[in-house]
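The primary structure of each chain is shown beneath.
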Amino acid sequence: MTQTRTSLAAVVSDAAKLGAKMLAGGQLLHEIKDSDVEIATSPKDLVWSQDKVRLFHFHPVTARQVKLPVLICYGLVGRWTMTDLQEDRSLVRNLLKLGLDLYVVDWGNPSRADRYLTLDDYILGYLDGCVAEIARRAGVPKINLLGVCEGGVFATAFAALEPDRVNTLTLTITPIDFHADMVEERLGHGFINIWTRSLSPEDVDRLIDANGNLPGEFMGAIFNQMTPMRSILKYNLDLLEIVDDEQRLMNWLRMEKWIADRPDHPGEAAKQWMKDLYQQNKLVRNEWELDGRRVDLRNLRMPVLNVYAKDDHIIPPATSRALGPILETGNYTELPLPGGHVGVFVGGRSQAMFAPAVASFAAKHDPGKQAA
């Protein structure tokens, strides 16, 4: 009888605590305004634009330690704002604190009017224009490129085609060999690779032709299906755990805001991305062509820092590390970081390693330091 009463008292106590937690969480959510959940708030200026593409220059926060500017190039599948999620979880702010002169390219929000834009346009058109503008503003012949995910492929292709305009190339969670996931065969890793290879080229054409572009909502659903239980539980159990903790709740809301802001991928560029790279694996085979020019990875003569996440299920490490055997050992460095695809940018351990490594790499190969 005593044990039953104790158990009942514990249940009542837990229910009361849960009720208090829900009440506090509801009040907290009611008080949060849109402006409280802003992301990518590091001060910056618009310095160049073409069509929907914009180039931003971040305000310095300390004396410059590296002469040559750094351009962050994110992909079309997501948004660069992940690199500046919030003040205490920001690659951008960490790099600025280390004295880098920092720029970022924003691809904008492609619409059906942009359906026929190709990767040729983005890499040898818009990205080329960004690099030219940064070099002009800084009065230098070359800059440092920092590519992320699909943007890392853009940066790699540009550097291979225009090696004299790139001082260093830093790649982050970037696929090079799109079939290397088959070598690792890690359970739950490389689902995008497997899914895309399961489609026929005609399937890809039908997908794009039916929608005009590759819808951001569609890709969001694909990413959710990679970790279905995680995607379901975060909106009930995870949220319930943090709903009355303002700091943790704000962290969660900012991440969800970034996830929800997934732009459409221009149709023809998406066809190239899926067929030329994911299906036919042309990049690592040196068979990929842009504007009739072959992207030969052996032309990457500049120093390369290849950063990958050890538990990345979207870009498996083997797909990134495939670049190493192609390049000269003296010019190639790898940096494995703990965590997964997004954890590289927001995980505490990764943050402590990531920005210092990028800044040190740029400084080591900076012509100003070398001249001194």
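Before reading further, recall that the structure is shown in the block above.
Described in the following lines is the structure provided in the data block. The written sequence of each chain sets the order in which its residues are numbered from 1. Local features in this predicted model are restricted to residues whose pLDDT is 70 or higher, and side-chain atom pairs enter the listing and the counts only when it is 80 or higher, whereas totals over whole chains, interfaces and linings include all residues. Heavy atoms throughout the structure, all of them, feed into the side-chain values; hydrogens and water do not.

### A short note on the packing of aromatic side chains
Part 1 of the reasoning: Side-chain rings of Phe, Tyr and Trp, where Trp is taken by its six-membered ring, are said to pair if the distance between their centres is within 6.5 Å; with planes under 30 degrees apart they count as stacked, over 60 as edge-to-face, and otherwise as tilted. Considering all chains together, one arrives at 9 aromatic pairs under this definition.
Part 2 of the reasoning: Ring geometry for Trp 107 versus Phe 154: centroids 5.9 Å apart, planes at 70°, classification edge-to-face. A residue pair is termed long-range when its members are at least 10 positions apart, and Trp 107 in the loop between strand S6 (102–106) and helix H3 (119–138) and Phe 154 in helix H4 (residues 150–161) qualify at 47 residues. Just as Trp 107 is buried, Phe 154 falls in that class too.
Part 3 of the reasoning: Ring centres 4.8 Å apart and planes at 75° place the aromatic pair Phe 178 and Tyr 278 in the edge-to-face group. Taken together, the positions of Phe 178 in the loop between strand S8 (166–172) and helix H5 (181–184) and Tyr 278 in helix H11 (residues 267–279) put the pair 100 residues apart, joining distant regions of the chain. As far as burial versus exposure is concerned, Phe 178 and Tyr 278 are alike and both buried.
Part 4 of the reasoning: Its end group placed over the ring of Phe 56, Lys 44 keeps NZ or CZ at 5.5 Å from the ring centre. For the purposes of this entry, the term helix denotes a DSSP run of H or I that reaches at least four residues, the term strand denotes a run of E that reaches at least two, and both are numbered from the N terminus. Exposed residues in this analysis have more than 50% of their type's maximum accessible area, buried residues have under 20%, and partly exposed residues fall in between, with area computed by a 1.4 Å probe over protein chains only. Remark: a charge is flagged as sitting over a ring if the NZ atom of Lys or the CZ atom of Arg is within 6 Å of the ring centre and within 35 degrees of the ring normal.

### Details of the sheet that holds strand S2 (residues 53–58)
Part 1 of the reasoning: We call two strands paired when DSSP finds no fewer than two bridges between them. Spatial strand order, S1-S2-S6-S3-S7-S8-S11-S12: 8 strands in an open sheet with mixed pairing. At either end of the open sheet lies a strand with only one pairing partner, and these are strand S1 (44–50) and strand S12 (332–337). When the angles between neighbouring strand axes are averaged without regard to direction, this sheet yields 20°.
Part 2 of the reasoning: Where S1 and S2 come together, 6 bridges link them in antiparallel fashion. Residue pairing across strands places Ser 49 opposite Arg 54, the latter belonging to S2.
Part 3 of the reasoning: Sheet strands in contact with H3 are S1, S2, strand S3 (70–73), S6 and strand S7 (143–148), and its direction is about 130° off that of S1.
Part 4 of the reasoning: When checking whether two residues touch, look at their non-hydrogen atoms; a contact exists if any pair is within 4.5 Å. All axes here are fitted lines through C-alpha atoms, helices being fitted over the stretch that makes contact, and every angle between N-to-C directions spans 0 to 180 degrees. Lying over the sheet, helix H14 (residues 348–364) contacts S7, S8, strand S11 (304–309) and S12, oriented at roughly 165° with respect to S12.

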